[in-house]
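Tertiary structure, described
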Amino acid sequence: MFLFLKSMSQKSFVSILILVFSSVIVLSTPPEDPIKCSSSNNTTCTITNSYGMFPDRTICQASQALYPTNEQELISMVASASRAKIKIKVATRYSHSIPKLVCPDDPNGILISTRYLNKVVKIDVDEKTITVESGVTLKDLIDEASRKGLVLPYTPYWHGLTIGGLMGTGAHGSTLWNKGSAVHDYVVEIRIVRASDSEDDGYAKVEILNGNNDEDFNAVKVSLGVLGVISQVTLKLEPMFKRSLTYLAKNDSDLGLEVVSFGHEHEFADITWYPSQTKAIYRFDARVPVNTSGNGLYDFIPFRPTSSILLAGIRTQEDRDESTGNADGKCGLAKLTTNTLITSAYGLTNNGIIFTGYPVIGFQNRLQSSGSCLDSIHNAKITVCAWDSRIKGEFFHQTTFRISLSLVKNFIEDIQKLVQLEPKGLCVIEQYNGILMRYVKASSAYLGNQEDAIDFDFTYYRSKDPMMPRLYEDIIEEIEQIGIFKYGGLPHWGKNRNLAFEGVYKKYKNVGKFLKVKEKYDSQGLFSSTWTDQMLGLKEGVTILKNGCALEGLCICSQDSHCNPSKGYFCRQGKVYKEARVCSHV
């Protein structure tokens, strides 16, 4: 079978893959627990993320993993660790954060998983609120609220996130309307269990936060997990409504001019951009009367169960294209993938079965978020989420940052200049569905978004060999540095490579207020680690200088050894942003 797969053309790979994607597959092997322990009583443990690898490729260790099932058990666990001054880190069910936010930074530390803090506590139909434990997934919240005729208006597109996890990193959907697209800005009350160094408190304390204690509330809404363990969250909902969604492909020549007004005009707008193809897909998406005919469903194709055999074949071809510098192969596969996704409406169906044409009209709970590869039926890894680290599948970097609306036009034009200089240079991201552009509003959270902005999300190939340069490495690195440094972009807390977080704390006007709450809630630093201290400016060392460090985004190259001269990659200045330092093939 593998000999057959290796002989197949790229077109055949993708055609069969899309055929599988486009079928309604309900069986899938769900991801495994990111925590692995060597004993039956959950001691001597390691933790990773759902991609199986942190940016610096280190293994995070802990002495024990604990799985509370209610708040009282959680309090007892935090108190015990606090009394013994043991490091604590909170882990979520699927561990989707790319940076090392879950590492205790001490092999004697403990992990507290919210896997079984997964209950819906209360739905108040009159007040239009829902109270959930922090380990409840976005899917479960959406499903439970919809049964009462209620919905959360704006959410991330991937429903495998837990409520506590998405709050910890500021996860969001896309809108400039109302309070914006970040879920934490629809939170009205939080219960958080924090450490205490006082025996009078029993070495742990439950804080109940809402608008009456703004300073603490605004810190906890995006906490990076350094303030304690969120126990429960209450969110404000809305009555059920319907949406009408249409994707429209346009030339990207006017993208910089149109992007801001488009976000203001359409409530659920986003844009998927394919720069090498000079194409942008605009999402025209708005509310319609609830009695409008239609029962549409969004089951996003890349989030569906995927054949592990096909994933292995595609990864083999991808590795081959990278090692041989086959840019034409990359661009051909990117075009085929893009066109097939557009033709299949990215996974939209008009009735939950087939796509018959735009607009797709449906209830909010069926259109806002997806992730059917998480369906909890084991099938021996025949189909999985495409990035499941147990099989040979997708393995990638993600770079995600938001640019102020006032600077977006210039940023887009800089990318277009790079495409003019290197027309094939961004095919490497178009294989992964291009650049997703989502709208985010300024937030009251101290570590939330600082001003109205657009979030740019790039996914691209990562080698299993940390010293192996990537095709068009310099183009992606230059865009990363243009966004983060030239235009002051704010990196997404739960994504990105190390270099994106260099000096990030200086970009938050209320970081001092956050650190004040941090000192109040965890004066012993039990929930902190070297990594979180580096992100918050309390320690140096976000970037790591060593041979090949720029290839993995652990540093910005300042000498050739930070690239890989033996492979012909040297440290050079950028093509458009001359202050950039990138690994370029010479």
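What counts and how
Residues numbered from 1 in each chain as written. Predicted model: local features only at pLDDT ≥ 70, side-chain atom pairs only at ≥ 80, totals over all residues. Heavy atoms only, no water. Helix = DSSP H or I, 4+ residues; strand = E, 2+ residues; numbered from the N terminus. Rg over C-alpha atoms; globule rule 2.2 N^0.38 Å. Buried < 20%, exposed > 50% of the residue type's maximum accessible area, 1.4 Å probe, protein only. Contact = heavy atoms within 4.5 Å. Areas by Shrake-Rupley, 256 points an atom, 1.4 Å probe, with all protein chains shown as cover. Lys, Arg positive; Asp, Glu negative; His and termini not counted. Charge placed at Lys NZ, Arg CZ, Asp CG, Glu CD. Pairing = 2+ DSSP bridges. Axes fitted to C-alpha atoms, helices over the stretch in contact; angles between N-to-C directions. Left-handed = near helix turned anticlockwise from the far one by under 90°. Nonpolar A, V, L, I, M, F, W, Y, C, P; charged D, E, K, R; others polar. Phe/Tyr/Trp six-rings, centres within 6.5 Å; stacked < 30°, edge-to-face > 60°. Patch = residues over 30% accessible without salt bridge, like charges linked within 9 Å, V, L, I, M, F, W, Y side chains within 5 Å. Salt bridge = Lys/Arg side-chain N within 4 Å of Asp/Glu carboxyl O. Disulfide = S-S within 2.5 Å. Expected span 1.5 Å × (residues − 1). pLDDT = per-residue confidence, 0-100.

Thoughts on the overall build of the chain
- The secondary structure content of the chain amounts to 15 helices and 26 strands.
- Against the compact-globule benchmark of 25 Å for 586 residues, the chain has a radius of gyration of 23 Å, which places it among compact chains.
- The 586 residues of the chain split such that 61% are buried.
- Taking contacts inside the chain between residues at least 6 apart in sequence as the whole, the part at least 24 apart equals 72%.
- Looking at the chain as shown, the accessible area adds up to about 21800 Å², and 52% of this sits on carbon and sulfur atoms.
- Charge separation in the chain, taken as the distance between the mean sites of 64 positive and 63 negative side-chain charges, equals 3 Å.

Notes on the pairing of strand β13 (residues 242–251)
- Where β13 and strand β15 (residues 279–288) come together, 10 bridges link them in antiparallel fashion. Within β15, the residue paired with T246 across the bridge is F284.

A word on the packing of helix α7 (residues 255–265) against helix α11 (residues 408–421)
- Between α7 and α11, the shortest axis-to-axis distance is 8 Å and the interhelical angle comes to 145°. Crossing hand, α7 versus α11: right-handed. Listed contacts from α11 to L255, G256, L257 and V259 of α7 are V408, K409 and I412.
- Counted by class, the contact of α7 with α11 contains 5 nonpolar, 1 polar and 1 charged residues.

Some details on the sheet that holds strand β7 (residues 129–133)
- If you trace the 5 strands from one edge of the open sheet to the other, you get β6-β7-β11-β9-β10, paired in antiparallel fashion. Of all strands in the sheet, those with a lone pairing partner are β6 (120–124) and β10 (204–209), marking the two edges. Strand after strand, the sheet turns through a mean of 10° between neighbouring axes, direction not considered.
- Relative to β10, strand β9 (residues 187–195) is paired through 6 bridges, and the arrangement is antiparallel. Each residue of the ladder has a partner; that of A195, found in β10, is A204.
- Sitting on the sheet, helix α14 (residues 511–521) touches β9 and β10, and the angle it makes with β9 is about 50°.

So, the packing of aromatic side chains
- Throughout the structure, instances matching the rule amount to 23 aromatic pairs.
- Ring geometry for Y154 versus Y186: centroids 5.8 Å apart, planes at 50°, classification tilted. Of the two residues, Y154 is situated in the loop between β8 (150–151) and α5 (163–169) and Y186 in the loop between α5 and β9; the sequence distance between them amounts to 32 residues.
- Overall, Y186 belongs to the buried group, its relative accessible area being 7%.
- For the pair Y247 and Y346, a centre-to-centre distance of 5.0 Å together with 55° between the ring planes defines the contact as tilted.

Things to note about unusual backbone geometry
- For the bond running from Y358 to P359, omega is -5°, close enough to zero to count as cis.
- A positive phi angle, near 60°, is found at A380, a position not held by glycine.
- Within the secondary structure, A380 is located in the loop between α10 (364–367) and β20 (383–384).
- Of note in this structure, N496 is not a glycine but carries a positive phi near 80°.
- By the secondary structure assignment, N496 is in the loop between β24 (490–491) and α14.

Some words on a negative patch on the surface
- On the surface, D197, E199, D200 and D201 cluster together to form a negatively charged patch.
- Position of D197 among the secondary structure elements: in the loop between β9 and β10.

Some words on the side chain of E430
- You can see E430 is positioned in helix α12 (residues 427–430).
- It turns out E430 is buried and unbridged, and the closest side chain with the opposite charge, K335, is 8.0 Å from it.
- For E430, the contacting residues outside a window of four places in its chain are Y274, P275, S276, Q277, A334 and T338.

A look at the sheet that holds strand β19 (residues 360–363)
- Read across the sheet, 8 strands follow the order β19-β13-β15-β14-β22-β23-β21-β24 without closing on themselves; strand pairing throughout is antiparallel. A strand with exactly one partner marks an edge of an open sheet, and here the two such strands are β19 and β24.
- In terms of strand pairing, strand β14 (residues 270–274) meets strand β22 (residues 435–440) through 4 bridges, oriented antiparallel. Across the sheet, I271 pairs through a bridge with M437, a residue of β22.
- The strands that α7 touches are β13, β14, β15, β22 and β23 (453–461); relative to β15, the one it contacts most, it runs at about 15°.

Side note on the state of the cysteines
- Tallied over the full model, the rule gives 7 disulfides.
- The disulfide that involves C60 links it to C103, with 1.8 Å between the sulfurs. Across the disulfide from C60 to C103, rotation about the S-S bond amounts to roughly 70°, and the bridge is consequently right-handed. You can see C60 sitting in strand β3 (residues 60–66) and its partner C103 sitting in the loop between β4 (88–91) and β5 (110–113), a full 43 residues away along the chain.
- Residue C60 is classed as buried on the basis of its relative accessible area, which comes to 5%.
- Paired by a disulfide, C557 and C571 hold their sulfur atoms 2.1 Å apart. Disulfide C557-C571: the torsion about the S-S bond is 80°, which places it as right-handed. Of this pair, C557 sits in the loop between α15 (530–535) and β25 (569–573) while C571 sits in strand β25; the two residues are 14 residues apart in sequence, bridging distant segments of the chain.
- Residue class for C557 comes out buried when judged on its relative accessible area of 2%.
- You can call C571 buried: its relative accessible area is 4%.

Let's talk about helix α8 (residues 308–324)
- Spanning 17 residues, α8 covers 24 Å between terminal C-alpha atoms, matching the ideal 24 Å at 1.5 Å per step.
- Counting buried residues in α8 gives 12 out of 17 residues, a clear majority hidden from the surface.
- Listed in full, the buried residues belonging to α8 are S308, L310, L311, A312, G313, I314, R315, T316, Q317, E318, D321 and E322.
- Just past α8, the residue G325 takes up positive phi, approximately 65°.

Considerations on the pattern of salt bridges
- Summed over all chains, the structure comprises 37 salt bridges.
- Measuring nitrogen to oxygen at the nearest pair gives 2.7 Å for the salt bridge that ties E71 to R191. With E71 in helix α3 (residues 71–84) and R191 in strand β9, the pair connects residues that are 120 residues apart, well separated along the chain.
- When salt bridges with common partners are traced through the structure, they connect R402, R438, D455, D457 and K495 into a single cluster.

So, the confidence of the model for the chain
- The pLDDT averaged across the chain works out to 94; a share of 95% of its residues lies at or above 70.
- Confidence drops under a pLDDT of 50 for residues 1–25, and excluding neighbours within four residues, the segment shows 40 contacts in the predicted structure.

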